[in-house]
Amino acid sequence: MTTSPLTGGPQLPQQRRIVTEIPGPRAKAFQARRLNAVASGVGSTLPIEVVAAGGGVIVDSDGNSLIDLGSGIAVVNVGNAASAVANAVAQQAAAFTHTCFMITPYAGYVEVCEQLNRLTPGNHDKRSALFNSGAEAVENAVKIARVATGRSAVVVVDHAYHGRTNLTMALTAKSMPYKAGFGPFAPEVYRVPMAYPYRWSTGAESCGPEAAAAAMDHIRTEIGADRVAAMIMEPILGEGGFIVPGESYLPEMVKFCKDNGILFVADEIQTGFGRTGKWFACEHENIVPDLVTTAKGIAGGLPLAAVTGRAEIMNSVHAGGLGGTYGGNPVVCAAALAAINMIETEGLVERSAQLGEILQSRLDEMASQDPGIGDVRGRGLMQAMELVHPGTNKPDPDRTKAVIAATHAKGVVTLSAGTYGNVVRFLPPLVIGEDLLNEGLDIVAEALAATR
Ligand code: PLZ
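Conventions and cut-offs
Every chain is numbered independently, its residues counted from 1 as its sequence is written. It should be noted that, the model being predicted, local features are given only for residues of pLDDT at least 70 and side-chain atom pairs only at 80 or more, the latter also being counted only at that level, while totals for whole chains, interfaces and linings use all residues. Side-chain figures throughout are based on the complete set of non-hydrogen atoms in the structure, without hydrogens or water. Axis lines are fitted to C-alpha atoms, over the contacting stretch for helices. Their N-to-C directions set the angle, which ranges from 0 to 180 degrees. In DSSP terms, a helix is any run of H or I states spanning at least four residues, a strand is any run of E spanning at least two, and both are numbered starting from the N terminus. By definition, turning the near helix anticlockwise from the far helix through less than a right angle yields a left-handed crossing, and turning it clockwise yields a right-handed one. In this analysis, two residues are considered to be in contact whenever any of their non-hydrogen atoms come within 4.5 Å of each other. Side-chain classes follow a simple rule in which Ala, Val, Leu, Ile, Met, Phe, Trp, Tyr, Cys and Pro form the nonpolar group, Asp, Glu, Lys and Arg form the charged group, and the remainder, Gly included, forms the polar group. Exposure is judged per residue with a 1.4 Å probe applied to protein chains only, and the accessible area is read against the type maximum: over 50% gives exposed, under 20% gives buried, and values in between give partly exposed. An automatic or database domain assignment provides the domain bounds reported here. Joining two parts hides part of their accessible area as seen by a 1.4 Å probe, and the buried area is that hidden amount summed over both.

Participant: Mind showing me how you'd approach the packing of helix α4 (residues 107-119) against helix α10 (residues 330-345) here?
Facilitator: Taken N-terminus to C-terminus, the directions of α4 and α10 make an angle of 35°; their axes are 9 Å apart at the nearest point. Crossing angle aside, the handedness with which α4 passes α10 is left-handed. For the pair α4 and α10, contact is made by G108, Y109, E111, V112, Q115, R118 and L119 and by C333, A336, L337, I340 and E344, respectively. Of the residues assigned to the contact of α4 with α10, the class counts are seven nonpolar, two polar and three charged.

Structural data, given as C-alpha cells:
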C-alpha cells in the first residue's frame, strides 16, 4: 500500500501490472459462472473479475492491475474507493442507513441540495430534488417541466443519450442496443438536428448556426413552439460520441427556448463534477439552464442523481408529487458530500483542465500520424477520437473494436461510444497520476499502430 497525496489515504499501488493474459484463467472461470446466473442482456465490456480498485487502477482476481481510463463511465471522478468517500460511507452506515427522506428527513439530503444549488450554473434562487439514477433524474426533469409550463412536448437532439427507462429510451437516439424491441415508447418526444461539426455537410464552421436554424424551424413548424415544455440536451454529447456542439448552437437554442417559454434542461450527468475542466460543461458556453440533471460523478461511485433548477420551476410541483423510496439515501448523500468536498479541496476541476491538455495533445499527436483518426474532440478529461476509413469520413467500427480490445489485452480500460460505434473515448479519474495517464496513452498509441 502506498499513500496518495491526492486522497491522503491508503491506496493500491498506482501501476499497471500484467501477470496473466487478460482475461486470465480466474476471469474466464468467473465469466462462465456469471453466464449461468446473470441475464445475457446485461453485457460487460472487459470481462475480468474485479477484486479491488483505487485511484486510477482496477485489480482483478488473476492479480493484474489495470489502468482505468473509463472511471466506470465517468463516475469515479474522485478516484475509485477514495478514502474520504469510504470513510464517510462507513460512518453514515454505522449511524443510520435509511429512514426515507419522505418519512423522516435528515441533514445529508438537505446539504447535498445546498451544495448543488451553489455549484450548478447561474446565481439565481434554486431548489433541488434527489433520485437514484441518471435516467430517473431526467424523467423527473420532464415531470417538473410539464407541470411548470402546462405543456407536454419534449425536444431532444440527434445522437442524444438520456437513459434506458421507457421515457428516457424515447429521449435517447440510438436504436441498438438501447431501444430495439423495447417499444412502444413514450409519446410527445421530438428530435431536432444536432450540430455535429465533424459530420456537418457544409463544414464545421457553418455547423452551429445552420443546425440551430434547422432545429428552430422544426420546432416552430412541425411541433409548435407553444406546445413544448422543455428542450433537453447534453452540453457535450456523451454516449453519442463526445460531440462538442458546433459553435453558437447551444447559446442560440437557449435563447430560442427563453423567447418561446420553453425550459432548457442541461443533462450534465456525464459532463458534470469537473469532468470537462469546469464544474459543469455549460460553463464553457456561458449558458445558464433552467434545470440541470446530475448523477455519475456526484457521489464517488454510489448511486445518486439530482434535478436542480430555478426555485419557481422546481416549486411548481404539488406537495408529494416528487420522490421515491431511496432518493437521496443517507449513505449515498454522505458519499456525495465527501466527493464534492474532495473535488474542491484537492483542486480536481483545475486538475481535469490541466491533465485534459496533456490528453488532448497526445491524441492530436496520434491523429497527425494516423489518417484513420478523423477527429479528436472533447474538453478536460472527456476526450475522444473518431475512427474512419482513411481519406473518407466513413465510420470504422471494426477498427474501433480492435483498438479497444488491444488496449484491454495490455491492461488499459478504454471504452467505445458513438452512434456509429467508431469512437474511442477517454474518461480517466480526475485523480489519475500523470505518469499513469501517459502510460495508458502509450498503450493506446501501440494499439493504433497494431491495427493500422
Ligand atoms: N444522461 C448524459 O450519460 C448514462 C449509460 C451506459 P443512468 N450514460 C451511461 C449504459 O449503457 O447504460 C447517462 C448519460 C446521460 C443520462 C444517463 C443515464 O444515467 O444513471 O445510467 O440511468
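Participant: Please explain the environment of P397 as it appears in this structure.
Facilitator: Within the element layout of this structure, P397 appears in helix α12 (residues 397-409). On the accessibility criterion, P397 (26% relative accessible area) is partly exposed. With 300 residues separating them in the primary sequence, P397 and T97 have C-alpha atoms 45 Å apart. The contacts of P397, once residues within four sequence positions are left out, are Y420, G421 and N422.

Participant: What should I look at first to understand the domain arrangement of the protein chain in this one?
Facilitator: How big an interface is tends to be stated in terms of the accessible area lost upon association of its parts. As far as domains go, the protein chain holds domain 1 (25-81 + 347-450) and domain 2 (99-328). Distance from the C-alpha centre of domain 1 to the C-alpha centre of domain 2: 26 Å. Counting from both sides, the interface comprises 38 residues of domain 1 and, opposite them, 30 residues of domain 2. Per-residue buried area on domain 1 facing domain 2 is highest for V349, R379 and M382; these three make up 28% of the total on that side.

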